[in-house]
Amino acid sequence: MQKTILSTLLFASAVLLPAARGGAQQLTETMPRMKTTTETPVSLSKLEIDIHVAGGIAYTTYDMLFRNPNSRMLEGNLEIPLSDGESVIGYQLEVNGAMRSGVVVDKAKAREVFEQIVNRNVDPGLIEKTTGNNYRIRIYPIPAEGYKRVTVTTQQALRRTTDHGYIYTMPLTGPDKLDNFCLKANVYKQALKPEVVSGPGRNFVFDRQGDVYQAVFESRNYRLEKPLSFILPEAAE
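What counts as what
Residues numbered from 1 in each chain as written. Predicted model: local features only at pLDDT ≥ 70, side-chain atom pairs only at ≥ 80, totals over all residues. Heavy atoms only, no water. Helix = DSSP H or I, 4+ residues; strand = E, 2+ residues; numbered from the N terminus. Buried < 20%, exposed > 50% of the residue type's maximum accessible area, 1.4 Å probe, protein only. Contact = heavy atoms within 4.5 Å. Areas by Shrake-Rupley, 256 points an atom, 1.4 Å probe, with all protein chains shown as cover. Lys, Arg positive; Asp, Glu negative; His and termini not counted. Salt bridge = Lys/Arg side-chain N within 4 Å of Asp/Glu carboxyl O. Polar contact = N/O pair within 3.5 Å; in protein donor to acceptor, adjacent residues only side chain to side chain. Phe/Tyr/Trp six-rings, centres within 6.5 Å; stacked < 30°, edge-to-face > 60°. Pairing = 2+ DSSP bridges. Axes fitted to C-alpha atoms, helices over the stretch in contact; angles between N-to-C directions. 1 Å grid on protein atoms, 1.4 Å probe; cavity = no way out; pocket = protein on both sides within 12 Å on 5 of 7 lines; lining within 4 Å. Points joined across faces, edges and corners; volume = space filled by probe spheres on them. Nonpolar A, V, L, I, M, F, W, Y, C, P; charged D, E, K, R; others polar.

Asks: Whenever I open this one, the overall build of the protein chain confuses me. Can you help?
Replies: For the protein chain, the helix and strand inventory stands at 1 helix and 16 strands. Taking all 237 residues of the protein chain together, the buried fraction comes to 47%. At a minimum sequence separation of 6, the contacts of the protein chain that also span at least 24 residues come to 76%. In the structure as shown, the protein chain presents an accessible area of about 12,200 Å², 47% of it carried by carbon and sulfur atoms.

Set out below in structure tokens:
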């Protein structure tokens, strides 16, 4: 049976996060995580984060591969906590080996549609906004002893620092030890070199690649333990 993905954005009031010294946000949110009702949890096996920043606007894509170690098919809730001012602008779910984009449906039909399409053994992939600025994707099915790939893209206007520039922050912490992890950050039309305040490793530094500043970090058997933060300084006038 051909599978279809439906998604819905349910909007609620945002919760303001307090500002830290220098204009940075306090990182009260965490990385996206999958929740199920099984004793053996579904774990994040592979994570690729791709960040693109231009003109004070950041676009971040999380490419996530989840592993279900259980012997039965599961339904899961992928919870995505976002910072103040950040919103989901794109979402894809793996269906029969191919990535399919979600289709937005209105709030009134969201729950009804989910139940109908699950009963037809269809991949619903509903995405909804819950409390504060948190999102949830209802995913079914997650194959028994198999994998499920999900990508989510967010957009946010970066906060200005007190020293005339912008700052990008991400919690970058989580409970799972990743088989594979890759982090890439690209900054466009930036006169001065971005400064890494906190990152996954000492070799995560920005180098100029043509007209772009780029930083890359890759590792195997990696645990997310440190937040990511880098500043985009502005040239003094």
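Asks: Just to check I follow, could you spell out the side chain of Glu86 for this structure?
Replies: Looking at the element boundaries, Glu86 is found in the loop between β4 (74-81) and β5 (87-95). Here Glu86 is buried and forms no salt bridge, its nearest opposite-charge partner Arg159 lying at an N-O distance of 9.9 Å. Polar contacts involving the side chain of Glu86 include one to the side chain of Thr154, which spans 2.6 Å. With near-sequence residues (within four places) excluded, Glu86 lies in contact with Tyr62, Asn133, Thr154, Gln155 and Gln156.

Asks: How do you make sense of the packing of aromatic side chains when you look at a structure like this?
Replies: Note on aromatic pairs: each is described by the distance of the centres and the angle between the planes. Counting across every chain of the model gives 6 aromatic pairs. Each ring, one from Tyr168 and one from Phe230, has its centre 5.1 Å from the other, and the planes form 10°; the classification is stacked. One end of the pair, Tyr168, is in strand β11 (residues 165-170); the other, Phe230, is in strand β16 (residues 228-233), with 62 residues separating them in the sequence. In terms of burial, Tyr168 and Phe230 fall into one category: buried. An aromatic cluster is built from Tyr168, Phe204, Phe206 and Phe230, whose rings are joined through pairwise contacts.

Asks: Explanation requested: the sheet that holds strand β12 (residues 173-188) in the structure shown.
Replies: The strands that make up a sheet are held in pairs by hydrogen bonds between backbone atoms, and each pair lies either parallel or antiparallel. Here 8 strands make up an open sheet; going across it, the order is β6-β5-β9-β3-β2-β12-β15-β14 and the pairing mixed. Looking at strand neighbours, the two that pair on one side only are β6 (98-101) and β14 (207-209), the edges of this open sheet. Within the sheet, the average angular offset between the axes of one strand and its neighbour, ignoring direction, is 20°. Where β5 and strand β9 (residues 146-157) come together, 6 bridges link them in antiparallel fashion. When the sheet's bridge partners are listed, Tyr91 is paired in β9 with Val152.

Asks: I keep staring at the layout of surface pockets and nothing clicks. Help me out?
Replies: Remark: the empty space left among the atoms is shown by a probe the size of a water molecule rolled over them. In this structure, the largest pocket occupies an estimated 190 Å³ of space. Elements represented by at least two residues in the lining of the largest pocket include exactly β1 (33-35), β2 (43-54) and β12. For the lining of the largest pocket, the residue count by class is 10 nonpolar, 4 polar and 2 charged.

Asks: Sorry if this is basic, but what is going on with the environment of Arg220 here?
Replies: Locating Arg220 in the fold gives a position in strand β15 (residues 212-225). C-alpha of Arg220 to C-alpha of Asn180: the two residues are 40 residues apart in sequence and 4.6 Å apart in space. Setting aside its immediate chain neighbours within four residues, Arg220 contacts Leu178, Asp179 and Asn180.

Asks: What should I look at first to understand the pattern of salt bridges in this one?
Replies: Any two side chains of opposite charge can pair, on the condition that their charged atoms come close. A full pass over the atoms with the stated rule returns 7 salt bridges. The partner of Lys35 in a salt bridge is Glu79, and the shortest N-O contact between them spans 3.7 Å. Residue Lys35 is found in strand β1, and its partner Glu79 is found in strand β4; the two are separated by 44 residues along the sequence. A salt bridge links Lys46 to Glu48; the nearest nitrogen and oxygen atoms lie 3.5 Å apart. Residue class for Lys46 comes out partly exposed when judged on its relative accessible area of 32%. Looking at Glu48, the relative accessible area reads 33%, which means it is partly exposed. What you see here is one network of salt bridges that share partners, running through Arg33, Lys35 and Glu79.

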